[in-house]
Number of protein chains: 2
Amino acid sequence: MITHTDRLDHKAVADLANQLRVDSIRCTNRAGSGHPTSAMSAADLFAVLVGRHLNFDWSNPKAATNDVVILSKGHASSLFYSALKATGSITDEELMSYRSHGSRLQGHPTPDLPWVTVATGSLGQGFPIAVGVALANREFDHARVRVWALCGDGELAEGSMWEAADRAGALGLENITPIFDINRLGQTSPTAHGWEVERYARCFAAFGWEPLVINGHNIAEIDDAFETATRRDRPTAILARTLKGKGIPNIENELGWHGKALTDDMTKRAIAQLSPASEIRIAFSLEFGRPAEPAPLPATVTTVLPRYNIGESIPIRRAMGETLAALGVDPRVVVIDGDVCSSTFTSLFRDKHPERFLQMHIAEQQMVATAAGFATRGYRPVLATFAAFFTRAYDFIRMSALSELSILIVGSHPGVEIGRDGASQMGLEDLAMMRAIRGSTVLYPSDAISMSVLMAEAIEASGIVYVRSTRGAYPVLPSANPEFRIGGSRLFLSSADDRVTLVGAGVTVHECLRASDILAEAAIPARVVDMYSVKPIDTETLLSSLSATSGRLVVAEDHHPQGGLGAAVFETLAPFGAIRECRHLAVRKRPDSGAREQQLDNAEISARHIAAAAREIAEE
Amino acid sequence: MITHTDRLDHKAVADLANQLRVDSIRCTNRAGSGHPTSAMSAADLFAVLVGRHLNFDWSNPKAATNDVVILSKGHASSLFYSALKATGSITDEELMSYRSHGSRLQGHPTPDLPWVTVATGSLGQGFPIAVGVALANREFDHARVRVWALCGDGELAEGSMWEAADRAGALGLENITPIFDINRLGQTSPTAHGWEVERYARCFAAFGWEPLVINGHNIAEIDDAFETATRRDRPTAILARTLKGKGIPNIENELGWHGKALTDDMTKRAIAQLSPASEIRIAFSLEFGRPAEPAPLPATVTTVLPRYNIGESIPIRRAMGETLAALGVDPRVVVIDGDVCSSTFTSLFRDKHPERFLQMHIAEQQMVATAAGFATRGYRPVLATFAAFFTRAYDFIRMSALSELSILIVGSHPGVEIGRDGASQMGLEDLAMMRAIRGSTVLYPSDAISMSVLMAEAIEASGIVYVRSTRGAYPVLPSANPEFRIGGSRLFLSSADDRVTLVGAGVTVHECLRASDILAEAAIPARVVDMYSVKPIDTETLLSSLSATSGRLVVAEDHHPQGGLGAAVFETLAPFGAIRECRHLAVRKRPDSGAREQQLDNAEISARHIAAAAREIAEE
């Protein structure tokens, strides 16, 4: 073994590249699956990065002064893991556990490994998130680092890559270096543009980047390009022409070898051909004179939430904005807009904390990617746009959850409640979508007070937290139990005589309360539960209410009937067999451009429909 | 009124533009909402289009020979509706019903109006869908038409626009003319690039387009550009520098007027200033010598589905591919891939019908947009990629449903069942996501036979149809009721003594069957329901099974616990109070890269867990 305590020379880098190749071939062969040919094309690029340019303390992977490496082409995970072995971060034994049950070395990287910043494997996401990391670092971190993203050429077909390139180009991000491994071959066919590397260069140039076109197997060229990129004060993209399967006889540059482990025989031959004379071990951390300053600790801050008086009619979205502005005293809070801040009321945060308000324009995927990047650096990103438009970024939200990042997402203008703008602007799938995210929290406040308190809770919570905001103005409601918390609920109008439980959230809480008035006139006492915490849900209150009302339940929601509040309630109550009779009111008809009241009535989720449904089951 | 029976001259076009402005201002003023300033900037562009270039028979909006106009900037709907009035398609009275309950003239266009091809209003979608329409037309239609897309500059921040530009550029689509209304102002701030029109031009050029930069208020320049675009045999993009609010005093080119109707006073002044001397009526349909050939009728075809024998172990995804290849005898069937056809097995369709197999590369949004475009022309598009990756295109799927398009989406590799590739590749939110789509159908076959029959049903069904495919090989199951249909289910092993109902779908059907064997050994007879039609669901069989088993239910699904099969079952049974006791097994733990059996067991959805859950409730 040759242990390097300083930068490798070009010869050693070439040996390292082949060692990474051999280890990639070995561990994928052992696993019987994986993407060795995708590792081969990028091995020289990655060896130059790890051996000569990456400022990274392998023994302290979470150091704020470390460069960031994101494997946008996550399927080349064996390459990354082989580099971890070369740096002494993992053993050969662990490397050989690749893709087995219980191993940290999964098919695609996840932050189970402390050297991994974000989970990848959904192509077209690593680079956009890297842009977010670089922006967070440039704007707010003490220690300046470089963000490296190893990307495939296949993923350049994803619009999200150009969305990111556009943002980064416009922002002049000079602390990010995306490296494109242009091996021209996809899984089933050549990529759209093959080795038209100059075409990619023109695209990057048009978006404000300086492209560097190189031979991705020439160590000196790669080294020069990385050196140039780190010295430039403008966004620079490395476009490397490579061969898929580089170094493996009969497979190099051939179609049909994507995602296939080599046979034992081929593995043996490849090892014989590629193995360096001695094993290479990297035992240095480059510094480039950067001060190892600690990241700033969050200041201890006292947040003064806005006050709202019972009965006061306030747009719930405005309460959201006012609260967010108040929460902004915490210097970790960063708010990201998609050019709708005047609708979502994050404009109130912008007015108070302009330096931590980021305009991503109409680019929801990059909004989430930017938030993800900020979350990796310890900030508390808050995103807000129309609930409907977060459907555009669902894959990014899904992957952020897999990366175990904490992001607060405010979905504004949900449901038919928004009125005249019509169905395209109505979030009617968002509760289903956000509930299905692993580990998510889903909140849906019905008035200014609950919005305010829950936003303060949400911003401290872990994981993906979704707050459903509401367009209209509604009175601040009186509360028997005025304490709002994740997992809680608010119980109204409860008596021992109650014949039916009405469950609502957001706008339907107000409709349920009006329905209970109608029912009271008909001598049918009803209790109303404000299910503001849709996930986790208050099982106890649901059970006790159902028990008190003989299993009679009406759920009303401003959402499609599938997967939303109703599903949340039913999923919870089903195991207990707690429901005897039930009506589920949800948006089953196509909305149009009527006014708010018309929409609620047309959707059959208004007070009179709730009251009628309750009578059906309570009078029997 | 001046009725034009032939192309308008430039002076008349200018008058028409102002008439469209006046009518936009009038109807938004009447509605008290809308986006008049976004209509003003595009009025000259649209007037030249309608008055001089659009080949459209207004009295026969569904004619196959009509050009296609897609309002990608859907919020400028008042402009489109005002043009409908100018062509005599709607009355002034209907125009004044804009944004009111019951009106076809919604806030954003929907196909409630026969002149509207697809619903828009989620920015960044109209142009990608237009690319799909143009591709369908170029490749398959008899009558060649031109596809015009009026786009905003704000939406150029969406990566989906560049994804579309990249595809269309590479495909050399010459029959599409996107017109970009570059008014430099977004909702809350200037767009990222303002009037850097040359920057946009460089981007389009890099992606293979010929950009034409013009003054969007100069009728002659616009006319020339449209003329050039229609004559060129290469993709041409019109980039028009415009003024937001053009023509309205004090508002023109000012920030802060997005999405606001004018006051009565301002409306009066604007009308006085802008109104042409006489009302202009368009009463011609341009032909440009195109033959009014009818679109080809679908041939009457006899499909011979592949045969599968009971007990035979067949990868379900292969049965999907084999069936799709068989269904390909119908010339309307077009299959769209995202470079994973060897995994989804749509490669079998490609091998048999290469002329109707479209490679969209790794670009899920454009996959759906292309399918939407084909669906508008009467084709039967089928999409297939990993279930997880359709999360990338959720907004496009949502909008396709709003457009009432019929698209068959095959989500392959769902759940932990896929094994070693890890969580990023596992569709664990797809059932929730697809169920929540308005009017969708969700199918999840458990063996080769049910896959085959259900695919044949699915391809004839309306709306968004989602078929969840499965990676592994499973035996073809015997059926008591071997007829598979949308809304049906398959009942196994039913007897009068059954103590518990086990509900599964896809892979968990096999686990439920194995669990019933385990339970039989413990003298607990269980009936197994294969809930292959998740939406619509077979309420009758669920109710009769629950009734027969005293309300005892186990649901097992390879999906997150929220919004999936369990939710579908619970939403259905809740109104009937049919559940007495229940266990819901779903993927609650984070998966890793284990083998299939390890994953199912780790997720606690395998036979032994199902059996244990059933014992808990059946032995009480």
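Scroll up for the structure.
My aim in this report is to walk through the structure given alongside it, one point at a time. (Residues numbered from 1 in each chain as written. Chains lettered and ligands numbered in written order. Predicted model: local features only at pLDDT ≥ 70, side-chain atom pairs only at ≥ 80, totals over all residues. Heavy atoms only, no water.)

### Looking at the overall build of chain A
What counts here: Put simply, DSSP marks the helices as runs of H or I at least four residues long and the strands as runs of E at least two long, and each gets a number from the N terminus on. Throughout, the radius of gyration refers to the C-alpha atoms, and the reference size of a globule is 2.2 Å times the residue count to the power 0.38. Exposure is judged per residue with a 1.4 Å probe applied to protein chains only, and the accessible area is read against the type maximum: over 50% gives exposed, under 20% gives buried, and values in between give partly exposed. What makes two residues a contact is simply this: any of their non-hydrogen atoms within 4.5 Å. Method for areas: the Shrake-Rupley scheme with a 1.4 Å probe, in which residue coverage is limited to the protein chains shown. Just so you know, the count uses Lys and Arg for positive and Asp and Glu for negative, and it drops His and the chain ends. By convention, the charge on Lys lies at NZ, on Arg at CZ, on Asp at CG and on Glu at CD.
Across its full length, chain A carries 21 helices and 21 strands. Relative to a compact globule of 620 residues, whose C-alpha radius of gyration would be 25 Å, chain A shows 28 Å and is just as compact. Seen along its three principal axes, the alpha-carbon backbone of chain A occupies a region of about 90 × 50 × 40 Å. Out of the 620 residues belonging to chain A, those deemed buried represent 69%. If you take every contact in chain A between residues at least 6 apart in sequence, the share linking residues at least 24 apart comes to 78%. Carbon and sulfur atoms make up 49% of the accessible area of chain A, which totals about 18400 Å². Here chain A holds 60 positive side-chain charges and 72 negative ones, and the gap between their average locations is 2 Å.

### Side note on the nonpolar core
Quick note on the threshold: Joining through side-chain atoms within 4.5 Å is the link that ties buried Ala, Val, Leu, Ile, Met, Phe, Trp, Tyr and Cys residues into a set, and such a set is a nonpolar core.
Leu502 of chain A together with Leu502 of chain B are the most contacted members of the largest nonpolar core, which totals 297 residues. With nine residues, helix H5 (residues 126-140) of chain B is the single largest residue contributor to this core. Aside from chain neighbours lying at most four places away, what touches leucine 502 of chain B is Cys512, Ala515, Ser516, Leu519, Ala526, Arg527, Val528, Val529, Val554, Ile610 and Ala614 of chain B.

### Some words on helix H19 (residues 565-573) of chain B
Two residues of an α-helix separated by three or four positions point the same way, owing to the 3.6 residues in each turn. In terms of residue burial, H19 of chain B counts as a mostly covered element, since nine of its nine residues are buried. Turning to H19 of chain B, its buried residues number three or more, namely Leu565, Gly566, Ala567, Ala568, Val569, Phe570, Glu571, Thr572 and Leu573 of chain B.

### A closer look at the packing of aromatic side chains
Stated formally: Centres within 6.5 Å make a pair out of two Phe, Tyr or Trp rings, where for Trp the six-membered ring is used; the pair is then stacked when the planes are under 30 degrees apart, edge-to-face when over 60, and tilted otherwise. Over a ring means this: the NZ of a Lys or the CZ of an Arg is within 6 Å of the ring centre and within 35 degrees of the ring normal.
Under the counting rule described, the total for this entry stands at 36 aromatic pairs over all chains. With centroids separated by 5.7 Å and ring planes inclined at 80°, the aromatic side chains of phenylalanine 204 of chain A and tryptophan 209 of chain A adopt a geometry described as edge-to-face. For tryptophan 209 of chain A, a relative accessible area of 4% gives the class buried. Their ring planes at 80° and their centres at 6.5 Å tell us that phenylalanine 80 of chain B and tyrosine 81 of chain B sit as a pair that is edge-to-face. We note that phenylalanine 80 of chain B, like tyrosine 81 of chain B, is buried. What links up through ring pairs into an aromatic cluster is the set Phe127, Trp162, Phe180, Phe204, Phe207 and Trp209 of chain A together with Phe127, Trp162, Phe180, Phe204, Phe207 and Trp209 of chain B. Lying across the ring of tyrosine 444 of chain A, arginine 468 of chain A places its NZ or CZ 4.8 Å from the centre.

### Some details on the sheet that holds strand S21 (residues 581-585) of chain B
Residue and element names in this part refer to chain B. Rules: Any two strands with at least two DSSP-identified bridges between them are counted as paired. Axis definition: a line fit to C-alpha positions, over the contact stretch in the case of helices; interaxial angles, taken between N-to-C directions, run 0 to 180 degrees.
Spatial strand order, S16-S18-S17-S20-S21: five strands in an open sheet with mixed pairing. On the outer flanks of this sheet lie strand S16 (490-492) and S21, each paired with one strand and no other. Taking each pair of neighbouring strands and ignoring which way they run, the sheet shows an average axis angle of 20°. Bridging between strand S17 (residues 500-504) and strand S18 (residues 526-530) involves five bridges; their strand directions are parallel. Across the sheet, the residue bridging to threonine 501 is arginine 527, located in S18. Sheet strands touched by helix H18 (residues 539-548): S16, S17, S18 and strand S20 (552-556). Its angle to S18, the strand with the most contacts, is close to 170°. Running over the sheet, H19 touches S17, S20 and S21 and is turned about 150° from S20.

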